[in-house]
Amino acid sequence: LSLLDIKGVNELIKAFSIIDKKDNNSLLYFVGKGDPSKYKALASELGVLEKVFFLGNKSDVAPYLKHADVIACLSGGGGFSMAALEAMSSKRPIVAWDTDVYRQFNKDVNTMVLVEYNNVPQLADRISAILKQPGKYSEMSVNANMISHMFSWENVIKIMDETFNHY
């Protein structure tokens, strides 16, 4: 993650402030590069600064993801999300924007909860639902992990090798 507006940082902090009013035991962690100053200001304005942590850039995010109760994938960018694949491999429930980027991972099986793009109240609602009943989302997490393995470098190289050797 990079701490950028397009990555949904503002929306997640706003959603967290809604969640915090209902369940003040939650904590929000961001792992990624960038200056967190303006996001800290937003968290302070919303009264949740003491529960929002910016850990900075980490070369290996897997240990952090595996300790999360819910992972948010909220990039407004396009293409194919490597961050989503990392989240999917963690076997943790994922909430993501309902965009082509994340919808492609739900094509064959349910791998993540999709939320209307930039809908902060809905984002807060879905995260809260997962926090209240995590077991309800365990099959989704297993599906996500299974799909993520299809995109391992080993599999990608094997497919490329088979494709290029075919011609």
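Please refer to the structure higher up on the page.
Rules of the game
Residues numbered from 1 in each chain as written. Predicted model: local features only at pLDDT ≥ 70, side-chain atom pairs only at ≥ 80, totals over all residues. Heavy atoms only, no water. Core = buried A, V, L, I, M, F, W, Y, C linked by side-chain atoms within 4.5 Å. Buried < 20%, exposed > 50% of the residue type's maximum accessible area, 1.4 Å probe, protein only. Helix = DSSP H or I, 4+ residues; strand = E, 2+ residues; numbered from the N terminus. Contact = heavy atoms within 4.5 Å. Pairing = 2+ DSSP bridges. Axes fitted to C-alpha atoms, helices over the stretch in contact; angles between N-to-C directions. Salt bridge = Lys/Arg side-chain N within 4 Å of Asp/Glu carboxyl O.

What follows deals with the nonpolar core. If you look at the biggest cluster of nonpolar residues, it comprises 46 residues, and the most contacted ones within it are Ile13, Phe30 and Leu123. Sorting elements by how many residues they give to this core places helix 1 (residues 9–22) first, with six residues. For Ile13, the residues in contact, after removing those within four places along its chain, are Leu28, Phe30, Tyr39, Leu42, Ala43, Leu46 and Phe54.

This part covers the sheet that holds strand 4 (residues 94–97). Spatially, 3-4-5 is the arrangement adopted by the three strands of the open sheet, whose pairing is parallel. Two strands in the sheet have a free side with no partner beyond their single neighbour: strand 3 (71–73) and strand 5 (113–115). The sheet shows a mean angle of 25 degrees between the axes of neighbouring strands, direction not considered. Sheet analysis places strand 4 next to strand 5, joined by three bridges and oriented parallel. Across the sheet, the residue bridging to Ala96 is Leu114, located in strand 5.

Before going further, it helps to examine the side chain of Asn143. Relative to the helices and strands, Asn143 resides in helix 7 (residues 138–149). By relative accessible area, which is 14% here, Asn143 ends up buried. Once you skip the residues sitting within four places of it in the chain, Asn143 turns out to touch Val109, Asn110 and Thr111.

Here the idea is simple: oppositely charged side chains can pair when their charged atoms come close. Under the definition given, this model contains five salt bridges. Residues Arg103 and Asp100 are paired through a salt bridge, measuring 2.5 Å at the closest nitrogen-oxygen approach. Of this pair, Arg103 and Asp100 both sit in helix 5 (residues 100–103), separated by three residues, roughly a single helical turn. By relative accessible area, Arg103 is classed as partly exposed at 37%. As a salt-bridge pair, Asp125 and Arg126 come within 2.8 Å of each other at their nearest N and O atoms.

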